[in-house]
Amino acid sequence: MSKIIGPALVAAVFLLGAASAPAGTPHLLNVSYDPTRELFKALNARFAADWRQQTHDSVTIDMSHGGSGAQSRAVIDGLDADVVTLALAYDIDAIAQKAKLLPADWQRRLPDDSAPFTSTIVFLVRKGNPKHIHDWRDLVTSGTAVVTPNPKTSGGARWAFLAAWAYALHAPGGDTAKARAFVADLYHHVPVLDSGARGSTITFTRRGIGDALLSWENEAHLALKEAGGDRFEIVYPSASILAEPPVAVVEANAARHGTTAVANAYLKFLYTPAAQEIEAANFYRPRDPTVLAAHARDFPTIRLSTIREFGGWQQAQRQFFADGGIFDQIYKPGR
Amino acid sequence: MVAIADTPRRGTNRVLPGFGLSLGFTLFCLATIVLIPLTALAIRPWSLGVGGVIAAVTAPRVVAALTLSFGGAAIAASINAVMGFVVAWTLVRYRFPGKRVFDALIDLPFALPTAVAGVALSALYSENGWLGGPLSLLGIKVAYTPLGVLVALIFIGLPFVVRTLQPVIAEMGADAEEAAATLGAAPARIFLRVTLPALLPALLTGVGLAWARAVGEYGSVIFIAGNLPMKSEIAPLLIIIKLEQFDYAGAAAIGLVMLVLAFTVILVLNLVQARLTARR
Amino acid sequence: MTRYARTPTEGGTAPRLLLIGTAIVFIVLFLLLPLLTVFSNALESGVPAALAAIGTPDALAAIRLTLLVAAITVPVNIVFGLAASWAVAKHDFRGKSLLTALIDLPFSVSPVVAGLAFVLIFGLQGWFGPWLRAHDIRIIFALPGILLATLFVSFPFVARELIPLMADQGRDEEEAAISLGASGLATFLRVTLPNIKWGLLYGVLLCNARIMGEFGAVSVVSGHIRGLTDTMPLHVEVLYNDYDFVGAFAVAALLALLAVVTLVFKSLLEWRYGDEIAATHRH
């Protein structure tokens, strides 16, 4: 037995050492929303290279992905994020209010309301568009199944909900009652709600469920690239919503880890032309006008509502997505 | 399942030392790692109140998920009962080339991580998979349907039945059967009247174990299941969904139901075991 | 297991061949094919691509984490197994079958439920959440949570291999040693341990396979932080959802290789020390 214990202890010590070796280089934990995996893979590589060049220091950025609302709750519950890059401002507001990990005016720290890029919601349909889905109203025809994530956990799902609402509101003869009826009808056509955008994409593309996917613009392009451009196509509706995914340093956590400087540099990096170019290449709409113009072909112009029309996120969340809000009232699964 | 052979009692004097220490340590570990967490699970749902718990557990989506998990496990266990019996019998009674390899393969579901089994089954039965392709030509869709869930549950339950039966078949020997044969009974009759009753207890134990394991299975199922609420959504997945929505009490309610049912089955199995051991 | 084979009592080649054929087809279909699929998919783009997938920083971190978890939890399980089997198998006391039922309990608890139970205790909404937060101790979303969840599911393995084995062996040798003046510890080390060493190794083998492969329980408590709290099975899921099939199956193949090695060692142990281990199968 002793012949086993000795080497085993040595191995254990080695493993423990190996496991904590990277602790030498600073680690940033970026808690992000669901579809940004490929984006941040590219961005992080570029930032690490730039950082090394500027400071001769290494930095490792760890990623966590999930539905924006779920990630927000996770950070409140103790997920040790240095930086959050979520789908909408409310999810970061919640961290500021409930866990007091960053100041209430966090959104003013960075340009463009702390959103280095924007996006919108589009439809992904099967190749050939057999169900002839061209606009929001086509989603509620009989026999059409729509896939979208759960607004309770996903940021993209909330943007999609608001986009649908705005469409019905601005349609000829539209009013609040009609908007509510339309959105209720829409969700009756949804067979399953995944917790995040990537889950819904997989349900649609891999599990073959649904006729249309309400998707982030960038996620739709990625699906074409990865899941087969010969099996799906993107449909731009007549109107959608301007989604502004914000970023912020979780100041209390960063201070505790001693990563404040590099965290700030990381977020500022997202606005640089090099980063904006990477974002555009991944089909996120860059803020930088030069880069946007260079990629204009990838980003069709459609009428985009904004969150301001809904009175800001605090009001929108309370009215639509909080417990007992309009979403809870209209969505009863299994009926 | 653990059966302790009767050891002759020597009064209450403990001849061997270390009983207190070992028992104490065992109880301590059990308490901290197993019992206290399960107690938390038992307590949490009641923050909803009795009515709340009942409402949470009888919601249509929850009932559908529990039905799929428990019912699917039952169907899979039944299939394993038949096929497991065939496999166990064959491995014990017959010789054929490569038998050792096949015998070793039986334990694969024990040794293989559930996530690996999950992606493997999902790839195997998808539309361009080795099995999914031919099956889809026949019009049978396995991946992302309840059928896929069944396949995964059969996979992970098989070794329980086979491994429980094998030693019993082996020990049973051929004497009773040979005696019945010399008395002129036909093979089918021998099987039904002599062999099967002797093996039934072990078969039931194995099926029970396979069922209990299948009820709680998560990793091998979620990749091949459609995860459609009311249709192909298993109970463990629903628990995770509720957790993600931070409905801790609702998740705990489902977990509690699963726990109570599973524990009941174990208790019954252990009692059956004890009775059988006493009778032998 | 050739020592169990006997000549069939039913006559006739046809039923025999039919049964053998059915068994073989079933085993190939349900067990062999899934195993082969893993390797086939991993090597779809060639060996270098598969090796590259395993060599990414996130994959290496996942491998390290899995090994670390095993390195910590296997010894704990050994100590627990030895203690539990010493108490249960070598002594008589009331409540013995209740204790053994409790030891078996984790087998029938869904791994997801196990993970959930720990979140209910250590998560921020749980019993100790606020206290842990105040003292900056991380259990959920960190290594300790993963260790606890893994311990829960792997607890019974060593114990339930050893208990029937030690019970079968009886107490005579130990009692003899004690009466000759040996201390309890010496008795345990010199008399008991050598008798059970192959059963112990067998239990450790199964335990380790379960630990390295655990998915459901760890999935709930880990936080899915790539490079930090993703074990190998979790990493398979991550890559699968990232559309990286070669990567996912490459990591899966590594785990499958571990499973095959486990099966081989298991067979070897049973073949050479079948008598001892057979005793544990009389459940």
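Residues numbered from 1 in each chain as written. Chains lettered and ligands numbered in written order. Predicted model: local features only at pLDDT ≥ 70, side-chain atom pairs only at ≥ 80, totals over all residues.

### Quick look at the overall build of chain B
Okay, so step 1: Each helix and strand counted, chain B has 13 helices and 0 strands in total.
Okay, so step 2: Reading chain B from its N end, one meets helices and strands in the order α-α-α-α-α-α-α-α-α-α-α-α-α.
Okay, so step 3: Within chain B, buried positions represent 51% of all 280 residues. (Helix = DSSP H or I, 4+ residues; strand = E, 2+ residues; numbered from the N terminus. Buried ≥ 20, exposed ≤ 12 C-beta atoms within 10 Å, placed from the backbone.)

### Some thoughts on the overall build of chain A
Okay, so step 1: The secondary structure content of chain A amounts to 15 helices and 12 strands.
Okay, so step 2: At 22 Å, chain A has a C-alpha radius of gyration in line with the 20 Å of a compact globule built from 335 residues.
Okay, so step 3: Counting only residues that meet the buried cut, chain A has 47% of its 335 residues in that class.
Okay, so step 4: When contacts within chain A are restricted to residue pairs at least 6 apart in sequence, long-range pairs at least 24 apart make up 73% of them. (Rg over C-alpha atoms; globule rule 2.2 N^0.38 Å. Contact = placed C-beta atoms within 7 Å.)

### As for the sheet that holds strand 2 (residues 60-65) of chain A
Residue and element names in this part refer to chain A.
Okay, so step 1: Spatially, 2-1-3-10 is the arrangement adopted by the 4 strands of the open sheet, whose pairing is mixed. The outermost strands of the open sheet, each flanked by one partner alone, are strand 2 and strand 10 (247-249). Going across the sheet, the axis of each strand differs from the next one's by a mean of 20 degrees, ignoring polarity.
Okay, so step 2: Here strand 1 (residues 27-32) pairs with strand 3 (residues 83-85) via 3 bridges, running parallel. From the neighbouring strand, V31 faces strand 3, where its bridge partner is V84. (Pairing = 2+ DSSP bridges. Axes fitted to C-alpha atoms, helices over the stretch in contact; angles between N-to-C directions.)

### Section: the interface of chain C and chain A
Okay, so step 1: On the side of chain A, 22 residues touch chain C, which itself brings 21 residues to the contact.
Okay, so step 2: Split into classes, the residues belonging to the side of chain C that touches chain A amount to 11 nonpolar, 5 polar and 5 charged. (Nonpolar A, V, L, I, M, F, W, Y, C, P; charged D, E, K, R; others polar.)

### Overview of unusual backbone geometry
Residue and element names in this part refer to chain A.
Okay, so step 1: Although it is not a glycine, K100 adopts a positive phi angle of roughly 55 degrees.
Okay, so step 2: With respect to the helices and strands, the residue K100 is situated in the loop between helix 4 (89-99) and helix 5 (111-114).
Okay, so step 3: If you check the backbone angles, D112 has positive phi at about 55 degrees while not being a glycine.
Okay, so step 4: Topologically, D112 is positioned in helix 5.

### Description of the environment of V158 of chain C
Residue and element names in this part refer to chain C.
Okay, so step 1: As for its position among the elements, V158 is in helix 7 (residues 143-169).
Okay, so step 2: Remark: the alpha-carbon pair of V158 and S85, spanning 73 residues in sequence, is separated by 9.0 Å.
Okay, so step 3: If we skip the residues at most four places from it in the chain, V158 touches N77, I78, G81, L200, G203, V204 and C207.

### A closer look at the nonpolar core
Burial of nonpolar side chains together is a common tendency in soluble globular proteins.
Okay, so step 1: Among the nonpolar cores identified, the biggest contains 277 residues, and A164 and V250 of chain A, V116 and V119 of chain B together with L116, V251 and A252 of chain C are the most heavily contacted of them.
Okay, so step 2: Sort the elements by how many residues they give to this core and helix 3 (residues 57-89) of chain C lands first, with 16 residues.
Okay, so step 3: Look past the residues within four positions of A164 of chain A in its chain and what remains in contact with it is W136, F182, V183 and L186 of chain A. (Core = buried A, V, L, I, M, F, W, Y, C linked by C-beta atoms within 7 Å.)

### A look at the packing of helix 9 (residues 175-182) of chain B against helix 10 (residues 187-216) of chain B
All names here are of chain B.
Okay, so step 1: One can describe the packing of helix 9 onto helix 10 by two numbers: an axis separation of 10 Å at closest approach and a directional angle of 145 degrees. Crossing hand, helix 9 versus helix 10: right-handed. Contacts between helix 9 and helix 10 pair A176, E177, A180 and A181 from the former with I190, V194 and T195 from the latter.
Okay, so step 2: Residue classes in the contact of helix 9 with helix 10 are distributed as 5 nonpolar, 1 polar and 1 charged. (Left-handed = near helix turned anticlockwise from the far one by under 90°.)

### Topic: the pairing of strand 2 of chain A
Each regular strand shows side chains that alternate between the opposite faces of the sheet.
All names here are of chain A.
Okay, so step 1: The buried count for strand 2 comes to 5 of 6 residues, which makes it a mostly enclosed element.
Okay, so step 2: One ladder, built from 6 bridges, connects strand 1 with strand 2; its direction is parallel. Bridged to S32 within strand 2 is H65.
Okay, so step 3: Running through helix 2 (residues 37-55), the crossover from strand 1 to the neighbouring parallel element strand 2 is right-handed. (Right-handed = clockwise from strand over helix to strand, strands pointing away.)

### Points about the domain arrangement of chain A
Interfaces are often sized by the amount of accessible area the parts lose when they come together.
Residues and elements named next belong to chain A.
Okay, so step 1: Domain boundaries in chain A define domain 1 (24-118 + 244-298) and domain 2 (121-242 + 302-330).
Okay, so step 2: A C-alpha centroid distance of 25 Å is found between domain 1 and domain 2.
Okay, so step 3: Taken residue by residue, the interface counts 21 residues in domain 1 and 22 residues in domain 2.
Okay, so step 4: The element best represented in the side of domain 1 that touches domain 2 is helix 4, accounting for 4 residues.
Okay, so step 5: A per-class count over the side of domain 1 that touches domain 2 returns 10 nonpolar, 6 polar and 5 charged. (Domains from an automatic or database assignment.)

### Re the interface of chain C and chain B
Okay, so step 1: With 94 residues of chain C in contact, the opposing surface of chain B contributes 91 residues.
Okay, so step 2: For the side of chain C that touches chain B, the element with the most residues is helix 1 (residues 13-42) of chain C, which contributes 17 residues.
Okay, so step 3: Looking at side-chain class alone, the side of chain C that touches chain B contains 61 nonpolar, 18 polar and 15 charged residues.

### Some remarks on the pairing of strand 7 (residues 212-216) of chain A
All names here are of chain A.
Okay, so step 1: Counting buried residues along strand 7, 5 of its 5 residues qualify, which places the element largely inside the surrounding structure.
Okay, so step 2: In terms of strand pairing, strand 6 (residues 146-147) meets strand 7 through 2 bridges, oriented parallel. Note that in strand 7 the partner of V146 across the bridge is A212.

### Brief notes about the sheet that holds strand 6 of chain A
Residue and element names in this part refer to chain A.
Okay, so step 1: Taken together, the 4 strands give an open sheet; going across it, the order is 6-7-5-8, and neighbouring strands pair in mixed fashion. The sheet is open, and its two edges are formed by strand 6 and strand 8 (232-235), each paired on a single side.
Okay, so step 2: Note that strand 5 (residues 121-126) and strand 8 share 4 bridges and pair antiparallel. Following the sheet pairing, F123 is matched in strand 8 by V235.
Okay, so step 3: Across the sheet, helix 8 (residues 197-205) touches strand 5, strand 6, strand 7 and strand 8, and the angle it forms with strand 7 is around 150 degrees.
Okay, so step 4: Along the sheet face, helix 9 (residues 217-227) touches strand 5, strand 7 and strand 8 and points at about 115 degrees away from the line of strand 7.

### Here we look at the packing of helix 2 of chain A against helix 12 (residues 273-281) of chain A
Residues and elements named next belong to chain A.
Okay, so step 1: Here helix 2 crosses helix 12 at 160 degrees, and the two axes come no closer than 10 Å. When the axes of helix 2 and helix 12 are compared, the pair comes out roughly antiparallel. The two elements helix 2 and helix 12 meet at a crossing, and its hand is right-handed. On the side of helix 2, the interface is formed by L39, A42, L43 and R46, while helix 12 contributes A274, A275, I278 and E279. (Parallel < 35°, antiparallel > 145°, perpendicular 65-115°, else oblique.)

### Some thoughts on the confidence of the model for chain A
Okay, so step 1: In this model, chain A carries a mean pLDDT of 89, and residues with pLDDT of at least 70 account for 92%.
Okay, so step 2: Confidence over residues 16-23 of chain A falls short of pLDDT 50; this stretch has 7 contacts with residues more than four positions distant or in other chains. (pLDDT = per-residue confidence, 0-100.)

### Topic: helix 7 (residues 176-188) of chain A
All names here are of chain A.
Okay, so step 1: Over its 13 residues, helix 7 runs 18 Å from end to end, which matches the ideal 18 Å to within 8%, given 1.5 Å per residue.
Okay, so step 2: Three or more residues of helix 7 are buried, namely F182, V183, L186 and Y187. Around the axis of helix 7, the buried residues are gathered within 130 degrees of arc, so they sit on the same side.
Okay, so step 3: Those residues of helix 7 hidden inside the fold are in contact with strand 6, helix 6 (155-170) and helix 15 (326-330). (Expected span 1.5 Å × (residues − 1). Arc of directions from axis to C-beta.)

### Focus on the confidence of the model for chain B
All names here are of chain B.
Okay, so step 1: In this model, chain B carries a mean pLDDT of 85, and residues with pLDDT of at least 70 account for 92%.
Okay, so step 2: Per-residue pLDDT stays below 50 along residues 5-12; that stretch engages in 6 contacts with residues further than four places along the chain or on separate chains.
Okay, so step 3: What the predictor reports for the complex is a pTM of 0.85 with an ipTM of 0.86.

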